[in-house]
Amino acid sequence: MTKIVVVTSGKGGVGKTTTSASFATGLAQRGKKVAVIDFDVGLRNLDLIMGCERRVVFDFVNVIQGEASLRQALIKDKTFPNLHILAASQTRDKEALTPEGVEKVLNDLRSEGFDYVVCDSPAGIERGAHLAMYFADEALVVTNPEVSSVRDSDRVLGLLASKTRRVERNEARIKEHLVLTRYNPARVLKGEMLSLEDVTEILAIPVLGVIPESTAVLNSSNAGTPVITLPDADAGQAYDDLVSRFLGEDRPLRFTTVEKKGLFSKWLGG
């Protein structure tokens, strides 16, 4: 049975697309058949992070409007053949997305036997973001440890609880997961950002992953490689933990406390 997972937040620039790319890739690494869809019509970035921007011929809107078939538009990942990308249009308006069109694409993906469909939501609470979450079974709510980001995520949680198909049908509500990105415990101690405990107290949803503030994220994005594919990167390890927890494995949270330096390290000035 296909599971629809939306990656969402209220604020832009918090790492939704980075999370979508690594989450989808991590599922594919574990043998799942995965499609990841960019809902950010007009401002697509997912194809860049996935390293397939030059292979985009048809996009999400082309499929919705009957200008291309789903199979024509899906781009197969070069590393993981069970991972497929459906890019957003750069030239259309967000009004090109319709509930009927999105539902048809999702149903077609179910028919193709996909285990997971990851919906990379645009920022905010407008049409594209609403359609990305409307058909979801589960949600990854991405936030940074700052007040404005957490406040906007709280508003998104309100939408997930009130404006989805599951709510309209009186079905079990969407299962929500917290993904805290750009976390730096040293800055938390200095009072420069909210702590993990602060964020979880405000949002009151289970923590799926804590992604450390890391230069590896920017470097991997520029290289067109999801950071989860870099096993030596701390952010890559954190996303790998996140995917494992999503699939039911028990993994402790890492990168949430300041690493204590040993005596030998102190002698060397490290």
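Turning our attention to the overall build of the protein chain. Counting secondary structure elements, the protein chain contains 13 helices and eight strands. Taken over C-alpha atoms, the radius of gyration comes to 19 Å for the protein chain, in line with the 18 Å a tight globule of 270 residues would show. With respect to the three principal axes, the spread of C-alpha positions in the protein chain is 65 × 40 × 35 Å. Burial status across the protein chain gives 53% buried among its 270 residues.

Counted under the stated rule, the structure contains four aromatic pairs. A ring pair is formed by phenylalanine 23 and phenylalanine 246, whose centres lie 4.9 Å apart and whose planes are at 90°; its orientation type is edge-to-face. Taken as a pair, phenylalanine 23 in helix H1 (residues 16–29) and phenylalanine 246 in helix H12 (residues 234–246) lie far apart in primary sequence, 223 residues in all. For the pair phenylalanine 23 and phenylalanine 246, a shared accessibility class is recorded, and that class is buried. When the ring of phenylalanine 39 is compared with that of phenylalanine 60, the centres are 5.0 Å apart and the planes differ by 75°; the resulting orientation is edge-to-face. Residue phenylalanine 39 is found in the loop between strand E2 (34–38) and helix H2 (46–49), and its partner phenylalanine 60 is found in helix H3 (residues 60–64); the two are separated by 21 residues along the sequence. By relative accessible area, which is 1% here, phenylalanine 39 ends up buried. Among the aromatic residues, those joined into a ring-pair cluster are Phe23, Tyr116 and Phe246. The ring of phenylalanine 114 carries lysine 33 above its face, with NZ or CZ at 4.6 Å from the centroid.

What follows concerns the pattern of salt bridges. If you walk through the whole model with that rule in mind, you get 16 salt bridges. Aspartate 240 is paired through a salt bridge with arginine 30; the nearest N and O atoms lie 2.9 Å apart. Of the two residues, aspartate 240 sits in helix H12 while arginine 30 sits in the loop between H1 and E2, which places them 210 residues apart along the sequence. Where arginine 166 meets aspartate 137, a salt bridge forms, and the shortest distance between an N and an O atom there is 3.1 Å. Placement of arginine 166 in helix H8 (residues 165–168) and of aspartate 137 in the loop between helix H6 (127–134) and strand E6 (138–143) is noted, with a sequence separation of 29 residues between them. Judged by its relative accessible area of 16%, aspartate 137 falls in the buried class. Here the salt bridges do not stand alone but share partners, grouping Arg30, Asp240, Asp241, Glu249, Arg251 and Arg254 into one network.

Further remarks concern the layout of surface pockets. What the largest pocket holds in volume is close to 470 Å³. Lining the largest pocket are 26 residues; nearest its centre among them are Gly13, Val14, Gly15, Lys16 and Thr18. Secondary-structure elements contributing two or more residues to the lining of the largest pocket are H1, H2, strand E7 (175–183), strand E8 (207–212) and helix H11 (215–223). Here the element with the most residues in the lining of the largest pocket is H1; it accounts for three residues. Grouping the amino acids of the lining of the largest pocket by side-chain chemistry returns 11 nonpolar, nine polar and six charged.

The rules we used
- Residues numbered from 1 in each chain as written.
- Predicted model: local features only at pLDDT ≥ 70, side-chain atom pairs only at ≥ 80, totals over all residues.
- Heavy atoms only, no water.
- Helix = DSSP H or I, 4+ residues; strand = E, 2+ residues; numbered from the N terminus.
- Rg over C-alpha atoms; globule rule 2.2 N^0.38 Å.
- Buried < 20%, exposed > 50% of the residue type's maximum accessible area, 1.4 Å probe, protein only.
- Phe/Tyr/Trp six-rings, centres within 6.5 Å; stacked < 30°, edge-to-face > 60°.
- Lys NZ or Arg CZ within 6 Å of the ring centre and 35° of its normal.
- Salt bridge = Lys/Arg side-chain N within 4 Å of Asp/Glu carboxyl O.
- 1 Å grid on protein atoms, 1.4 Å probe; cavity = no way out; pocket = protein on both sides within 12 Å on 5 of 7 lines; lining within 4 Å.
- Points joined across faces, edges and corners; volume = space filled by probe spheres on them.
- Nonpolar A, V, L, I, M, F, W, Y, C, P; charged D, E, K, R; others polar.

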